Each structure stands twice: as C-alpha cells, then as structure tokens.
Amino acid sequence: GTNACPTFFELVTALALLHFARRDVDAAVLEVGLGGRLDSTSAVPHLASVITQIGLDHTAILGSTRPLIAREKAGVARRGVPIVTGVPRSTPAGRAIAGTAGKKGAPVLFAGSDFRLRTGEPRLADDRPVTPVTVVAPDGERIRLRPAVLGRALARDVGLAAMTLSLPRVRRKLDVPVEAMATGAAALAIPGRLQVIPGRPRIVVDGAHNPDSARFLAETIETTLPSRKVVAILGGGIDKGLPAIAAELERLDRPVRFVFTRPATHPRAADPEVLADGRNARCAPDFAAALALARDLAGPDDLIVVSGSLYLAGEALAKLSVTPLR
C-alpha cells in the first residue's frame, strides 16, 4: 500500500521552500537528496540543472554502476531547461546523461566539449586555501576565479556554478556579474570540506564518506599538505565506506596512524573496535578522546585528519571552536 506519511527529507524540502517563499528569494539553489528522477526537489520549476560528477554513493537505491546512477541523476532533466555537467561526454555516465536528457528535450553542456574548465594548482597561502579555475563559455566569454578551496574537484564545482550563472536563460532572470562571482569565490567557506585549521600540528576536517571523496582527500593531502606523518581520526556510519577511506589514506607517501571513534550524533555509527580490527589502530569512545589520542601521536610537523562522515566533521568543528557557518 502507499505510505501517506511524508519522509524526513520531504518535510525538510517543504520547510525550505516555505522559508524561501517568505523571504521572497530571487532564486534558490536546491541540492537533490537522492538521485533526481524521483526526488522531492523535482517538484520545483528549474532555471537550470547541474550534475557535478557521478560517484558511487547510495548504490543500494540508485544502482551499482556510474551509468545507472547517472540515469537517475539525469532525471532532473526538464524540457528546454539546460543541464550543466562536469561529467565528460565520452564516458559511459556522460552518454547516460545525454540519452536521458535527450528523451526529455533538455540541452546538456558538457565540460571539456561544450565549454572549457581549467583548474590550477591547489595551494595554501598563509593557511588560506586557493585553487584557481578558468571557465571558457560556449560564446568565448572567459571567467577567471580564485575560489578559497583546496583541491581541483572543489574548484571545478565553482567553475560549473560560474558556467551555470552565465547561461543566457539564467542571466535573463538572475544577472550576476563576473566581478560578483569572483568576490563570492574568494570568500567561499565550505565547512567540513577539506577545511584546514592552522596550528602545530595542522588539522584538516573533511566529511568524506565514500571512496571517491576519500580518494580526493588523499590526493589533496599528498599534493598540498606536507607533513612527516598523518594521524587520521575516522568515524561514521555502518553503511559507509570507512574501510575504503582508511585504505586510501594508507596509500599516502608517509606513515599513517589511525584513531577510530564514533560520532555521538550519528544515528547508525559503526563500532570503532570493529573498524580497528586487524589494523595498527587505537580506539576512542568519542571525538574529544580521539583528539586527545591524536595529539599524543602527532608531532608539531605532522597532520591530523578528521574524516568519515559529516557528523564527525560537525563535532570536530564544534570541539575545535571553529564556527561551522558564518
């Protein structure tokens, strides 16, 4: 039978839309909860749709391959509403997006073939992150931004946002000048996403909870965050890729020690003892204890990494007295 009770996500979406209506916003950015084809956010008329990249997440619901997930995500397509995507056209996922969008009559702009997206070297300048990005729109307009993010994948997403704001259909409704995009990019703060907390040792808080985001975290540490060794505090859900995250970090070019813990706020947190089994690792009942252990293990020139879930990232930012949102 049909379940008449709305889900948590449906209620939150309705509350958000009510809030936006009361505030009389010019436009809202809505992130899809799951997939896109059947998501509650699809009830809203779109100026444009964005598919950043396709990772393997929520595979039990969305499908176990990138093309299957891409088809679900391309379900956001609406006739005549452009889709901007960072997925390359020539990949199986890109072909799945093109096919689904084509059936719906939605034009797709693929990075690399319909517009250009170039990222520069990620770096820390006085503990401030910056990764430059340049977008060349189909009409030849060139947009150069210096977003305050660490890592090419995050900078690419900023580039996709700039491309979306440059679409004629969007500009007619919402005219954001390039200077405003540059100002916004330079002031960008994404809490718990490769967030660097200065000090000795330096701490990085990242909400990575699947193999793709873990690989991105490891690559960024390797290229941008030198240290003698890494002490990783990991904790998250039983259904998430914590072993995969640990495996990605173990591939780093320097020694890694693990402290497994349990996010207090997580409804289905994995048991630290189970995670630590077979690894040279320590366990801690909560984040405060894990941080104390990590500080014991880490010298001033080392790096402490907090990862495994956004729940743990939030607890870390609160404990380290970093304002999560400004």
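We now turn to the structure provided with this report.

Criteria and thresholds
Residues numbered from 1 in each chain as written. Predicted model: local features only at pLDDT ≥ 70, side-chain atom pairs only at ≥ 80, totals over all residues. Heavy atoms only, no water. Pairing = 2+ DSSP bridges. Helix = DSSP H or I, 4+ residues; strand = E, 2+ residues; numbered from the N terminus. Axes fitted to C-alpha atoms, helices over the stretch in contact; angles between N-to-C directions. Contact = heavy atoms within 4.5 Å. Core = buried A, V, L, I, M, F, W, Y, C linked by side-chain atoms within 4.5 Å. Buried < 20%, exposed > 50% of the residue type's maximum accessible area, 1.4 Å probe, protein only. Parallel < 35°, antiparallel > 145°, perpendicular 65-115°, else oblique. Nonpolar A, V, L, I, M, F, W, Y, C, P; charged D, E, K, R; others polar. Polar contact = N/O pair within 3.5 Å; in protein donor to acceptor, adjacent residues only side chain to side chain. Phe/Tyr/Trp six-rings, centres within 6.5 Å; stacked < 30°, edge-to-face > 60°. Salt bridge = Lys/Arg side-chain N within 4 Å of Asp/Glu carboxyl O. Patch = residues over 30% accessible without salt bridge, like charges linked within 9 Å, V, L, I, M, F, W, Y side chains within 5 Å. Areas by Shrake-Rupley, 256 points an atom, 1.4 Å probe, with all protein chains shown as cover. Lys, Arg positive; Asp, Glu negative; His and termini not counted. Charge placed at Lys NZ, Arg CZ, Asp CG, Glu CD. Left-handed = near helix turned anticlockwise from the far one by under 90°.

Observations concerning the sheet that holds strand β4 (residues 116–119)
Taken together, three strands build an open sheet; the order of strands is β4-β7-β8 and the sheet is antiparallel. Strands at the two margins of the open sheet, each flanked by one partner only, are β4 and β8 (142–145). Strand-to-strand twist of the sheet, defined as the mean angle between neighbouring strand axes without regard to direction, takes the value 10°. Here four bridges tie strand β7 (residues 133–136) to β8, and the two strands are oriented antiparallel to one another. Residue pairing across strands places Val136 opposite Arg142, the latter belonging to β8. Sheet contacts for helix α5 (residues 152–166): β4, β7 and β8; angle to β4, the most-contacted strand, approximately 145°.

Structural notes on the nonpolar core
The nonpolar side chains of a soluble globular protein tend to be buried with one another. Residues Phe115, Leu145, Met163, Ile221, Leu234, Leu249 and Phe258 are the most contacted members of the largest nonpolar core, which totals 49 residues. It is α5 that provides the largest number of residues to this core, a total of six residues. Those residues in contact with Leu249, other than ones at most four positions away along the chain, are Leu217, Ile221, Ala232, Leu234, Val256 and Phe258. Formed by 22 residues, the second largest nonpolar core is a distinct cluster that contains Ala290, Leu291, Leu293 and Ala294.

Quick look at the environment of Lys73
With respect to the helices, strands and loops of the structure, Lys73 is situated in helix α3 (residues 66–73). Taking relative accessible area as the criterion, Lys73 reaches 25% and is therefore assigned partly exposed. Along the sequence, Lys73 and Asp39 sit 34 residues apart, while their C-alpha atoms lie 9.5 Å from each other.

Some words on the packing of helix α11 (residues 287–297) against helix α12 (residues 310–319)
Packing of α11 against α12 leaves a shortest axis separation of 10 Å and a crossing angle of 70°. Taken together, the axes of α11 and α12 are roughly perpendicular relative to one another. Only Leu312, Glu315, Ala316 and Lys319 of α12 make contact with α11, whose side of the interface consists of Phe287, Ala288 and Leu291. Partitioned by chemical class, the residues of the contact of α11 with α12 number five nonpolar, no polar and two charged.

A short note on unusual backbone geometry
With the exception of glycine, most residues fall at negative phi, and the peptide bonds are largely trans. The omega torsion across Arg200 and Pro201 is 0°, close enough to zero to call that bond cis. Among the secondary structure elements, Pro201 is positioned in the loop between β9 (195–197) and β10 (202–205). The residue Asp24 is not glycine, and still its phi comes out positive at about 55°. Locating Asp24 in the fold gives a position in the loop between α1 (8–23) and β1 (49–51).

Some remarks on the side chain of Ser309
Assignment of secondary structure puts Ser309 in the loop between β14 (303–307) and α12. A polar contact of 3.0 Å, which involves the side chain of Ser309, links it to the backbone nitrogen of Leu312.

Some words on the packing of aromatic side chains
Here the structure, examined in full by the defined rule, presents one aromatic pair. Pairing Phe258 with Phe260 gives two aromatic rings, centres 5.7 Å apart and planes at 15°, and the pair type is stacked. Comparing Phe258 with Phe260 shows no difference in burial state: the two are buried.

Quick look at the pattern of salt bridges
Evaluated as defined, the whole model comprises 15 salt bridges. Note that Asp212 and Arg66 form a salt bridge whose closest N and O atoms lie 3.0 Å from each other. Taken together, the positions of Asp212 in helix α8 (residues 211–224) and Arg66 in helix α3 put the pair 146 residues apart, joining distant regions of the chain. Close ionic contact of Glu141 with Arg171 constitutes a salt bridge, the shortest N to O distance being 3.3 Å. Residue Glu141 is found in the loop between β7 and β8, and its partner Arg171 is found in helix α6 (residues 168–173); the two are separated by 30 residues along the sequence. Residue Glu141 is classed as partly exposed on the basis of its relative accessible area, which comes to 23%. Through salt bridges with shared partners, a single ionic network connects Arg66, Asp212, Arg215, Glu248 and Arg251.

Here's the deal with a positive patch on the surface
A cluster of basic residues, Arg116, Arg118, Arg142 and Arg144, forms a positive patch on the protein surface. For the positive patch, the secondary-structure elements that each account for two or more residues are β4 and β8. Take Arg142: it is sitting in strand β8. Taking relative accessible area as the criterion, Arg142 reaches 41% and is therefore assigned partly exposed.

Topic: the packing of α3 against helix α4 (residues 92–104)
Remark: α3 packs on α4, axes separated minimally by 8 Å, with the N-to-C direction vectors making an angle of 30°. Between α3 and α4, the angle is such that the two are roughly parallel. For α3 against α4, the interelement crossing comes out right-handed. Contact residues: α3 offers Arg66, Pro67, Ala70 and Arg71, while α4 offers Pro92, Ala93, Ala96, Ile97 and Thr100. In terms of residue class, the contact of α3 with α4 is made up of six nonpolar, one polar and two charged.

Just geometry here; none of it tells us what the structure is for.
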